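Single-letter residue listing:
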Amino acid sequence: MNSPLLVLDKVEKDYGGFTAVKSIDLVVESGEFIAIMGPSGCGKTTTLRMIAGLEVPTAGEIRLRDKVLNHVDPWQRQTPLVWQSLALFPFLNVRQNVEFGLKMRGVDASARRAKADGWLERLGLGAFATRPVTQLSGGQRQRVALARSLVLEPELLLLDEPLSALDAHLVVKMQAELIQLQKQLGITFCYVTHSQSEAFAMADRVVIMNGGTIQQVGAPREIFRKPANRFVAEFIGTNNIIAGKVRSDGGGSMIESGFGILQLPRSSDLAPGRKVELVIGADFLTLSRERPDLPNLVPVRVLGEQFVGSVVVVHLDAGDERSLRAQLPLHQFEQLAPAHGEALFAGWQPGNAYVLET
Ligand code: ATP
């Protein structure tokens, strides 16, 4: 088997007593699109900057194809970084910006020009080659920044919130372009974003960080359906989390919770008295006026709704300051047409919940 492209082995970054990244391990295979996501200050950018060579790890090793990079200068790493502010040279035109890295590497003028023009064509910028970069739109500037990195034919491209300065409609367009480009070229992308939708829409695997540590690495669907811990389950934002204790009757398949007695997924088989947290995706909750034939039922009142594209998140009051949320396709919501304050039943099949052991 081929060795992985990039390995972070117990990598740490300490800023004079404050540890921004705490002994993280990560293995990235060649050709993967990896997104690093987490709340502000969790250490995403510091991690990316260490891979780029803009920060030196305090401990651990960063290896690219088995070569230790810790003290290799950024310009000798073949791991260009594209970031939000792009840092294009305003005094150079589009082509000159794209050629710049090749010039630094001593590539001769005709080869430079051929390569730069090839990338400008490929990224739909052929007509702008001689235009000053100051006279481009945000999306065009973003493409120039990409061309400037891709012309170096890197194995690994690092991107730090590259779309965060763009308008919403352009973000969606650029996301699609980036995914397509990455798959076509087979270049490994390491992409830092605070946007969950962006990470989940684009990446093969998502790395969730918090407080300088990696909380979970997995395919988007796995993170959605099987969060590794409470932090991830909450961070995803579409889960209901119910704490409870396994009852002594029922063979370890029921919990006592603030929402009543609830059945666990069949495979649970937990020791009586054990504390667990039950994670139920908001899309697994059904809402009805009649009492449904479901093992897990909670009487609720409708607090309000939130439209998220073609789905609606319904916020529910389950009494005693407990809340739930259900996510329905818009057409189902319209059919049910719940009024604010109306009493409903929220229910779910036990097998659709996921147990976090605490
Ligand atoms: P954001 O989404 O807000 O950009 P982030 O996850 O990218 O956040 P980092 O920029 O990696 O976070 O910062 C992680 C932590 O390290 C933060 O608490 C930050 O204040 C701290 N930090 C970053 N750079 C330095 C520095 N040069 N000196 C001291 N502390 C730093």
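Bear in mind the structure is a predicted one, so any value in this text is a computation, not a measurement.

Cut-off values and rules
Residues numbered from 1 in each chain as written. Predicted model: local features only at pLDDT ≥ 70, side-chain atom pairs only at ≥ 80, totals over all residues. Heavy atoms only, no water. Near = heavy atom within 4 Å. Polar contact = N/O pair within 3.5 Å; in protein donor to acceptor, adjacent residues only side chain to side chain. Areas by Shrake-Rupley, 256 points an atom, 1.4 Å probe, with all protein chains shown as cover. Helix = DSSP H or I, 4+ residues; strand = E, 2+ residues; numbered from the N terminus. Nonpolar A, V, L, I, M, F, W, Y, C, P; charged D, E, K, R; others polar. Expected span 1.5 Å × (residues − 1). Buried < 20%, exposed > 50% of the residue type's maximum accessible area, 1.4 Å probe, protein only. Contact = heavy atoms within 4.5 Å. Pairing = 2+ DSSP bridges. Axes fitted to C-alpha atoms, helices over the stretch in contact; angles between N-to-C directions. Arc of directions from axis to C-beta. Core = buried A, V, L, I, M, F, W, Y, C linked by side-chain atoms within 4.5 Å. Phe/Tyr/Trp six-rings, centres within 6.5 Å; stacked < 30°, edge-to-face > 60°. Lys NZ or Arg CZ within 6 Å of the ring centre and 35° of its normal. Domains from an automatic or database assignment.

Undergrad: For this particular structure, what's the right way to read the site of the ligand?
TA: Contacts to the ligand come from Tyr-15, Phe-18, Ala-20, Pro-39, Ser-40, Gly-41, Cys-42, Gly-43, Lys-44, Thr-45 and Thr-46. A distance of 2.8 Å is found between an oxygen atom of the ligand and a backbone nitrogen or oxygen belonging to Gly-41. In this structure, an oxygen atom belonging to the ligand sits 3.0 Å away from a main-chain N or O atom of Cys-42. When isolated, the ligand has an accessible area of 640 Å², and the protein chains bury 58% of it. Elements that contribute at least two residues to the shell around the ligand include exactly β2 (18-28) and α1 (44-52). Examining the composition of the shell around the ligand, we find that three residues originate from one element, α1, more than from any other. Residues of the shell around the ligand, tallied by class, amount to five nonpolar, five polar and one charged.

Undergrad: For this particular structure, what's the right way to read helix α4 (residues 138-150)?
TA: Here α4 is 13 residues long and its end C-alpha atoms lie 18 Å apart, about the 18 Å a rise of 1.5 Å per residue gives. Taken together, the buried positions of α4 are Gly-139, Gln-140, Gln-142, Arg-143, Val-144, Ala-145, Leu-146, Ala-147, Arg-148, Ser-149 and Leu-150.

Undergrad: Honestly, the environment of Glu-357 in this entry has me stumped. Any pointers?
TA: By the element assignment, Glu-357 lies in strand β20 (residues 353-357). With a relative accessible area of 46%, Glu-357 lands in the partly exposed category. Sequence separation of Glu-357 and Ile-24 is 333 residues, and the distance between their C-alpha atoms is 23 Å. Excluding residues within four positions of it along the chain, Glu-357 makes contact with Leu-270, Arg-274 and Lys-275.

Undergrad: How should the sheet that holds strand β4 (residues 59-64) be read in this particular structure?
TA: Pairing between sheet strands relies on hydrogen bonds along the backbone, with the strands arranged either parallel or antiparallel. With antiparallel pairing, four strands are arranged side by side in an open sheet as β2-β1-β4-β5. What marks the edges here is a single partner per strand, and that holds for β2 and β5 (67-68). One ladder, built from two bridges, connects β4 with β5; its direction is antiparallel. Paired with Arg-63 across the bridge in β5 is Val-68. Sitting on the sheet, α1 touches β1 (6-15), β2 and β4, and the angle it makes with β1 is about 115°.

Undergrad: Got a minute to help me understand the environment of Leu-64 in this structure?
TA: For Leu-64, the position within the fold is in strand β4. Residue contacts for Leu-64: discarding those within four places in its chain leaves Leu-5, Leu-6, Leu-69, Arg-77, Thr-79 and Leu-156.

Undergrad: Help me understand the sheet that holds strand β15 (residues 286-288), please; the structure alone is not making it clear to me.
TA: Pairing is antiparallel in the open sheet, where five strands are placed in the order β15-β19-β16-β17-β18. Two strands in the sheet have a free side with no partner beyond their single neighbour: β15 and β18 (323-329). Between one strand axis and the next, the sheet turns by 45° as a mean value, whatever way the strands run. Relative to β18, strand β17 (residues 311-317) is paired through seven bridges, and the arrangement is antiparallel.

Undergrad: For this particular structure, what's the right way to read helix α5 (residues 168-185)?
TA: Counting along an α-helix, one turn takes 3.6 residues, and residues three or four places apart therefore face a common direction. Taking 1.5 Å per residue as the helical rise, α5 with its 18 residues ought to reach 26 Å, and the 26 Å between its terminal C-alpha atoms agrees with that figure. Regarding α5, the residues found buried are Leu-170, Val-171, Met-174, Gln-175, Leu-178, Leu-181 and Gln-182. What you see down the axis of α5 is that its buried residues fit within an arc of 140°, all on one side. Of the residues in α5, the exposed ones pointing more than 90 degrees away from the buried face are His-169, Val-172 and Gln-180. In the core, the buried residues of α5 are packed alongside β3 (33-37), α4, β8 (188-193) and α6 (196-202). At the exit of α5 stands Gly-186, carrying a positive phi of roughly 70°.

Undergrad: So what exactly am I meant to see when it comes to the nonpolar core here?
TA: Note that soluble globular proteins tend to have their nonpolar side chains buried in a common cluster. Core analysis: the biggest nonpolar cluster contains 45 residues, and Val-144, Leu-146, Leu-157 and Val-206 have the highest contact counts within it. Sequence-distant contacts of Leu-157, defined by excluding residues within four places in its chain, comprise Pro-80, Val-82, Leu-146, Ser-149, Leu-150, Ile-187, Thr-188, Phe-189 and Cys-190. Within the second largest apolar cluster, 29 residues are counted, among which are Leu-262, Val-276, Ala-318 and Ala-326.

Undergrad: I'm lost on the packing of aromatic side chains in this one. Help?
TA: Two descriptors summarise a pair of aromatic rings, namely the distance from one centre to the other and the angle between the planes of the rings. Scanning the entire structure with this criterion turns up seven aromatic pairs. Taken together, a centroid distance of 5.7 Å and an interplanar angle of 35° make the contact between Phe-89 and Phe-91 tilted. A relative accessible area of 65% means that Phe-91 is categorised as exposed. By way of ring pairs, the aromatic residues Phe-33, Phe-189 and Tyr-191 are connected into one cluster. The side chain of Arg-148 reaches across the aromatic face of Phe-89, ending 5.8 Å from its centre. If you follow Arg-322 out to its NZ or CZ, it ends over the ring of Phe-259, 6.0 Å from the centre.

Undergrad: How should the side chain of Thr-188 be read in this particular structure?
TA: With respect to the element layout, Thr-188 can be found in strand β8. Under the relative-accessibility criterion, Thr-188 is labelled buried at 0%. Reaching out from Thr-188, the side chain makes a polar contact with the backbone nitrogen of Gly-31 at a distance of 2.7 Å. Thr-188 has contacts with Leu-5, Val-28, Glu-29, Ser-30, Gly-31, Glu-32, Glu-155, Leu-156, Leu-157 and Gln-182, leaving out every residue within four places of it along the chain.

Undergrad: Is there a simple way to explain the domain arrangement of the protein in this structure?
TA: Often the size quoted for an interface is simply the accessible area lost on bringing the parts together. Domain assignment breaks the protein into domain 1 (6-225) and domain 2 (238-357). The C-alpha-based centres of domain 1 and domain 2 are spaced at 40 Å.

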